[in-house]
Amino acid sequence: RDFGDDVASVSFQYHMYGYTMGAVLLQGSDDGGSTYTTLWSKSGNQGNAWYGADVSIDNGYPQWLQFVYTSGSSYTGNFAVDDMEVKMAGGRPGPLDKHK
């Protein structure tokens with residue numbers, strides 16, 4: 001998604017459960033989506049529970065964010081993301097912030 005301004009942090013809840021769980025990346029781009037840098041990653045079975053991630057971006061603020069999920073070797077792994085909050089540079093809430 002193009003946020004149109006510099007993203008300073010992203011927080012979200014995630015669930016990664018299953019015997020053949022794959023890998024997920026949160027990536028950011030500061031050149032209109034031509035190239036992406038990995039900001040956060042997780043792989044493998046994390047258990048049947050929800051976890052929180054808070055990703056601070058100290059420099060090279062991206063304007064574009066994407067999640068990339070690569071599945072495991074079978075159908076027995078599931079990934080979900082929820083309750084995503086984006087903070088813009090300067091502490092402003094992003095357009096996904098439910099509290100704005």
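Since we're looking at a predicted model, the values are computed, not measured.

Quick notes on the rules
- Residues numbered from 1 in each chain as written.
- Predicted model: local features only at pLDDT ≥ 70, side-chain atom pairs only at ≥ 80, totals over all residues.
- Heavy atoms only, no water.
- Salt bridge = Lys/Arg side-chain N within 4 Å of Asp/Glu carboxyl O.
- Buried < 20%, exposed > 50% of the residue type's maximum accessible area, 1.4 Å probe, protein only.
- Pairing = 2+ DSSP bridges.
- Helix = DSSP H or I, 4+ residues; strand = E, 2+ residues; numbered from the N terminus.
- Axes fitted to C-alpha atoms, helices over the stretch in contact; angles between N-to-C directions.

Chemist: Outline the pattern of salt bridges, listing residues and values.
Modeler: Going through the model one piece at a time under the given rule, you end up with one salt bridge. Among the salt bridges present, the one from K87 reaches E85, with a minimum N-O distance of 3.2 Å. Look at E85 and you get partly exposed, because its relative accessible area is 22%.

Chemist: Give a detailed account of the sheet that holds strand β2 (residues 23–29), specifying residues and quantitative values.
Modeler: Reading across the sheet, the three strands line up as β3-β2-β5 and stay open at both edges, with antiparallel pairing between neighbours. Bordering the open sheet on either side are β3 (37–43) and β5 (64–70), each of which pairs with just one other strand. The sheet shows a mean angle of 15° between the axes of neighbouring strands, taken without regard to direction. With seven bridges connecting them, β2 and β5 associate as antiparallel partners. What sits directly across from A23, in β5, is T70.

Chemist: Can you explain the sheet that holds strand β4 (residues 50–56)? Please cite residues and give values.
Modeler: Here three strands make up an open sheet; going across it, the order is β4-β1-β6 and the pairing antiparallel. The open sheet has two free edges, formed respectively by β4 and β6 (77–88), since each of these has just one partner strand. For this sheet, the mean angle separating the axes of adjacent strands, direction not counted, is 20°. In this structure, strand β1 (residues 7–18) lies alongside β4, joined through seven bridges in antiparallel fashion.

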